[in-house]
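Residues per chain, in single letters:
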Amino acid sequence: MIIFGTRGVKSTIKEGQFDCPQCEGQKRYRHRKVTKFFTLYFIPLIPLGSAGEYVECMTCKGTFVTKVLNYKRSTGNDQFLSEYEKAMKHTMVLMMLADGIIDDNEMLMVQKIVNKFGHNDVTLPELKDYVDEVQRNPEDVSTYLKKVTPGLNEHGKEVIVKCAYAVAASDGHVDPTEIALIHKIAEVMEMSSSHLKGILADMTEKDKKKNTFSDN
Ligand SMILES: [Zn+2]
């Protein structure tokens, strides 16, 4: 059997100092480019073109659109939410919308998770507005993540998997369909199964010690 497919391969175009919106200070960055390759037996052979690029902060590991290099803290705009924070919020809203029902408890739970894993707290009315917006243009979680994966580094992917797990675990148990969805999410983001296994083991361990979403 011949095993072939495609995979994003990352390379660094440039390094330097930038004003990181998340660290709120001058930090080192890497400007990363993602090139899609045709793979044969998991070995990237033929470049198929650019899949995207992003700027990664070497301190907080946040990834941003490349325009962030022009960002100055003094101008005080907060449009530079890191890519994984955007993706995390969007993924959770899509998961919440998947069953067609949104209740206040779910909304509160998502708000809690967004604020736990993100650097920019969202208020409940802000989240509700965002949900309305997403609802007008709903999308499958996999389709969405496939699109944003080239803007994410390993750290960002990890956070998204952790949030998906947190959403699944919020009702006290993680059932097989939820585990299947988490595997699907990891697969779409081209995360290795050993990496996923490690994250899940870590999350399950924490669950045993205490309910992750008891108040803290
Ligand atoms: Zn940073």
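Residues numbered from 1 in each chain as written. Predicted model: local features only at pLDDT ≥ 70, side-chain atom pairs only at ≥ 80, totals over all residues.

**Some points on the sheet that holds strand β2 (residues 25-40)**
And then number 1: Spatially, the 4 strands line up as an open sheet ordered β1-β2-β3-β4, and their pairing is antiparallel. The two strands at the open ends of the sheet, each matched to only one other strand, are β1 (4-20) and β4 (63-64).
And then number 2: Pairing between β1 and β2: 16 bridges, direction antiparallel. Residue pairing in the sheet places Gly 5 in a bridge with Thr 39 of β2. (Pairing = 2+ DSSP bridges. Helix = DSSP H or I, 4+ residues; strand = E, 2+ residues; numbered from the N terminus.)

**So, the domain arrangement of the chain**
And then number 1: What the domain assignment reports for the chain is domain 1 (4-71) and domain 2 (83-209).
And then number 2: Looking at the side of domain 1 that touches domain 2, the elements that each hand over two or more residues are β1, β3 (43-57) and β4.
And then number 3: No other element matches β3, which puts 4 residues into the side of domain 1 that touches domain 2. (Domains from an automatic or database assignment.)

**Focus on the packing of helix α1 (residues 83-97) against helix α2 (residues 104-117)**
And then number 1: Packing of α1 against α2 brings their axes to within 10 Å, and their N-to-C directions diverge by 160°. Here α2 runs roughly antiparallel to α1, going by the angle between their axes. For the pair α1 and α2, the sense of crossing is right-handed. Each of Met 88, Lys 89, Met 92, Val 93 and Met 96 in α1 lies in contact with α2, whose residues at this interface are Glu 106, Val 110, Ile 113, Val 114 and Phe 117.
And then number 2: Across the contact of α1 with α2, the residue classes break down as 8 nonpolar, no polar and 2 charged. (Axes fitted to C-alpha atoms, helices over the stretch in contact; angles between N-to-C directions. Parallel < 35°, antiparallel > 145°, perpendicular 65-115°, else oblique. Left-handed = near helix turned anticlockwise from the far one by under 90°. Contact = placed C-beta atoms within 7 Å. Nonpolar A, V, L, I, M, F, W, Y, C, P; charged D, E, K, R; others polar.)

**Structural notes on the pairing of β2**
And then number 1: As consecutive antiparallel partners, β1 and β2 are separated by 4 residues, and within that stretch Glu 24 has a phi angle of approximately 55°, a positive value.
And then number 2: Of the pairings in the sheet, the one linking β2 to β3 comprises 12 bridges and is antiparallel in character. Each residue of the ladder has a partner; that of Tyr 29, found in β3, is Cys 57.
And then number 3: Hairpin connection of β2 to β3: 2 residues between the antiparallel strands, including Tyr 41 at a positive phi of 50°.

**A word on helix α5 (residues 154-169)**
And then number 1: With 16 residues, α5 should reach 22 Å at 1.5 Å per residue; the first-to-last C-alpha distance of 22 Å fits that figure.
And then number 2: On the buried face of α5, the contacting elements are β4, α1, α2, α6 (176-188) and α7 (193-209). (Expected span 1.5 Å × (residues − 1).)

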